[in-house]
Amino acid sequence: MFVDKAKIFVKGGDGGNGIVSYRRELYVPNGGPAGGDGGRGGNVIFRVDEGLRTLVDFRYQKHFKAKPGERGKVKGMHGANAEDMIVRIPPGTVIIDDDTQEIIADMTRQGQEVIVARGGRGGRGNMRFATAANPAPDISENGEEGEERWIVLELKVMADVGLVGFPSVGKSTLLSVVSGAKPKIGAYHFTTITPNLGVVDVGDDRTFVMADLPGLIEGASEGVGLGHEFLRHVERTRVIIHVVDMAATEGRDPFEDWVKINNELRQYNEKLADRPQIIAANKMDMPGAEELLELFKEQLAEAAGDRHYDIVPISSLTRQGIQELLYKAADVLETVPEQPLLEEVSELAERKVYKFEKRDEITFRVYKEDEIFVVESEGIERILKRTNLTSYDAVMRFARILRNLGVDAALRKIGAKDGDICRIGHYQFEFFEGSDYIF
């Protein structure tokens, strides 16, 4: 089953919690704090595997969660970092953030990797909080939560040559003649509904990959039919072979067919208009094809202006002109650099990088919502999530942080009094003038 689009959820592993521990050894009085830090959570990493050709696996598994880091250990030992989760994807996959629609990465090379969800850092043990004023702190931190997001995977077929054209012009027949591929062939429109790939042996020690792409119709660039699903795959091809029914067996004008398909390509992506294009004038074994070909050449010369298009008369049925078409495609490929359409990126989408907060970089906003005073700040919420709220010393430390940041003063300024309910993130607490907070 060929699947070229999937939406999945990824989550990095949570960091391990730091612990509170003390040295307890014979003949070592006042051993001091010895709680170790928690380990880092695992990242979710996508890696390109050339052995894959479809996103079908993501139809059955849609959630990918890396393992959390280990909690800290006694005697100052760190918890182990979690192993990264490696997810294999086929070459040609574009990774998109579902919320922002930004491209995270364009994966084209074997072994290429990108981190799509970072694991959280481990929490600090009580060793980290020892000071001259408090040499034996009863404080430790929780681990950071791992990054999570919904992402969309779009597979764009990686091929050297792509066959485009209206339905039933003979694209699938041509692929079956020049390669070992066995695409579905039928005397009706849209026989091909998914891309088919075949390796073409030109015969002079040159080979290339050819893709038979589903037929396009007018309005495809605007999503008519399955336009966007089909046009996505044209972007990867380095050379386009535009197959035209030169015998007009469907009653359409060959030149009008050529104009309409090129307009759809241009409207979908301007760069496709500059892609090298060979015109395969198919069905030349049919009556009237020679006369229509001469008329087509005249119309093309007038419409193309300074741009030159190679026209190769062929018949997939009698194999007339097939070898000439293959030679021409191989020659053009040698002049085209091997590069994907999208700018190759490792990580374009902006993401938050976890780091220890610098107090002067934390900003906040306070306001009143009904009868509750709200403190809004991403930095303060991160500190709160890492605070062990079951420890009195840790809660007092958090209260001091709020006071030093000026949160107390800001709350008093908008009318907060003893016993009023304040909210930070999902947590609520009682506010007191003396800067004690009861959660």
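Residues numbered from 1 in each chain as written. Predicted model: local features only at pLDDT ≥ 70, side-chain atom pairs only at ≥ 80, totals over all residues. Heavy atoms only, no water.

A look at the overall build of the protein
No. 1: Helix and strand counts for the protein stand at 9 helices and 19 strands.
No. 2: In the protein, 73% of the contacts between residues at least 6 apart in sequence involve partners at least 24 apart.
No. 3: Total accessible area on the protein stands at roughly 22000 Å², and carbon and sulfur atoms take up 48% of it. (Helix = DSSP H or I, 4+ residues; strand = E, 2+ residues; numbered from the N terminus. Contact = heavy atoms within 4.5 Å. Areas by Shrake-Rupley, 256 points an atom, 1.4 Å probe, with all protein chains shown as cover.)

Here's the deal with helix α6 (residues 322–333)
No. 1: The end-to-end C-alpha separation of α6 is 17 Å, in line with the 16 Å expected for 12 residues at 1.5 Å each.
No. 2: Where α6 is concerned, the buried positions are Ile322, Leu325, Leu326, Ala329, Ala330, Val332 and Leu333. One face of α6 carries all of its buried residues, which in axial projection span an arc of 165°. (Expected span 1.5 Å × (residues − 1). Buried < 20%, exposed > 50% of the residue type's maximum accessible area, 1.4 Å probe, protein only. Arc of directions from axis to C-beta.)

Considering the environment of arginine 59
No. 1: With respect to the helices and strands, arginine 59 occurs in helix α1 (residues 57–60).
No. 2: Exposure remark for arginine 59: the relative accessible area of 45% places this residue in the partly exposed category.
No. 3: Separated by 51 residues in the primary sequence, arginine 59 and isoleucine 8 have C-alpha atoms spaced 8.8 Å apart.

Description of a negative patch on the surface
No. 1: A cluster of acidic side chains, namely Glu290, Glu291, Glu294 and Glu298, defines a negative patch on the protein surface.
No. 2: Counting through the fold element by element, glutamate 290 comes out in helix α5 (residues 289–304).
No. 3: With relative accessibility at 44%, the residue glutamate 290 sits in the partly exposed group. (Patch = residues over 30% accessible without salt bridge, like charges linked within 9 Å, V, L, I, M, F, W, Y side chains within 5 Å. Salt bridge = Lys/Arg side-chain N within 4 Å of Asp/Glu carboxyl O. Lys, Arg positive; Asp, Glu negative; His and termini not counted. Charge placed at Lys NZ, Arg CZ, Asp CG, Glu CD.)

Topic: the pairing of strand β17 (residues 420–424)
No. 1: The two faces of β17 differ: Asp420, Cys422 and Ile424 on one face are buried, but Ile421 and Arg423 on the other face are not.
No. 2: Summarising the sheet, strand β16 (residues 372–376) and β17 pair through 3 bridges and their orientation is parallel. Bridge pairing links valine 375 to isoleucine 424 in β17.
No. 3: As paired strands, β17 and strand β18 (residues 427–431) are joined by 5 bridges and run antiparallel to one another. By the bridge assignment for β18, isoleucine 421 is matched with glutamate 430.
No. 4: Remark: 2 residues form the turn of the hairpin made by β17 and β18, two consecutive strands paired antiparallel; glycine 425 in that turn has positive phi of roughly 60°. (Pairing = 2+ DSSP bridges.)

Side note on the pattern of salt bridges
No. 1: One pass over the structure, following the stated rule, counts 26 salt bridges.
No. 2: The partner of aspartate 49 in a salt bridge is arginine 88, with the nearest N and O atoms 2.3 Å apart. Of the two residues, aspartate 49 sits in the loop between β2 (44–48) and α1 while arginine 88 sits in strand β4 (residues 85–89), which places them 39 residues apart along the sequence.
No. 3: Between arginine 365 and glutamate 376 there is a salt bridge, with the nearest N and O atoms lying 3.2 Å from each other. Remark: glutamate 376 occurs in strand β16 and arginine 365 occurs in strand β15 (residues 365–369); sequence separation between them is 11 residues.
No. 4: What emerges from the salt-bridge pattern is a single network uniting Arg121, Arg124, Glu141, Glu144 and Arg386.

A look at the sheet that holds strand β12 (residues 239–245)
No. 1: If you walk across this open sheet you meet the 6 strands as β10-β11-β9-β12-β13-β14, and the pairing is mixed. Each edge of the open sheet is held by one strand with a lone partner, namely β10 (196–201) and β14 (310–313). Within this sheet the neighbouring strands show an average axis-to-axis angle of 25°, counted without direction.
No. 2: As paired elements, strand β9 (residues 161–164) and strand β11 (residues 207–212) share 3 bridges and run parallel to each other. Paired with glycine 162 across the bridge in β11 is alanine 211.
No. 3: In this fold helix α4 (residues 254–268) packs onto β9, β12 and β13 (277–282), with an angle of close to 145° to the strand it touches most, β12. (Axes fitted to C-alpha atoms, helices over the stretch in contact; angles between N-to-C directions.)

Here we look at empty space enclosed by the protein
Think of a ball as big as a water molecule: rolled over the atoms, this probe shows where empty space is left.
No. 1: Counted under the stated rule, the structure contains 2 cavities of 30 Å³ or more.
No. 2: Taken as a whole, the largest cavity holds about 60 Å³ of empty space.
No. 3: In terms of lining, the largest cavity is formed by Ile139, Ser140, Glu141, Ile383, Arg386, Thr387, Asn388, Ala394, Arg397 and Phe398.
No. 4: Looking at the lining of the largest cavity, the elements with two or more residues in it are α7 (378–386) and α8 (392–405).
No. 5: Of the residues contributing to the lining of the largest cavity, the split by class is 4 nonpolar, 3 polar and 3 charged.
No. 6: By volume, the second largest cavity amounts to about 40 Å³.
No. 7: Around the second largest cavity, the lining residues are Asn262, Leu265, Arg266, Leu272, Ala273, Gln277, Arg307 and Tyr309.
No. 8: When the residues that make up the lining of the second largest cavity are grouped by side-chain class, the tally is 4 nonpolar, 2 polar and 2 charged. (1 Å grid on protein atoms, 1.4 Å probe; cavity = no way out; pocket = protein on both sides within 12 Å on 5 of 7 lines; lining within 4 Å. Points joined across faces, edges and corners; volume = space filled by probe spheres on them. Nonpolar A, V, L, I, M, F, W, Y, C, P; charged D, E, K, R; others polar.)

With respect to the packing of α7 against α8
For any two helices packed against each other, one specifies the inter-axial angle together with the distance between the axes.
No. 1: Following both chains from N to C, one finds α7 and α8 inclined at 165°, their axes separated by 11 Å at the closest point. Taken as axis vectors, α7 and α8 run roughly antiparallel relative to one another. Relative to α8, α7 is oriented so that their crossing is right-handed. Contact residues: Ile380, Ile383 and Leu384 in α7; Phe398, Ile401, Leu402 and Leu405 in α8.
No. 2: Considering only residue class, the contact of α7 with α8 consists of 7 nonpolar, no polar and no charged. (Parallel < 35°, antiparallel > 145°, perpendicular 65-115°, else oblique. Left-handed = near helix turned anticlockwise from the far one by under 90°.)

Concerning the sheet that holds β2
No. 1: Overall, mixed pairing links the 3 strands, which are arranged β4-β2-β7 in an open sheet. Of all strands in the sheet, those bounded by a partner on one side alone are β4 and β7 (113–117). The sheet shows a mean angle of 30° between the axes of neighbouring strands, taken without regard to direction.
No. 2: Both β2 and β4 contribute to a ladder of 5 bridges, which runs parallel. When the sheet's bridge partners are listed, arginine 47 is paired in β4 with arginine 88.

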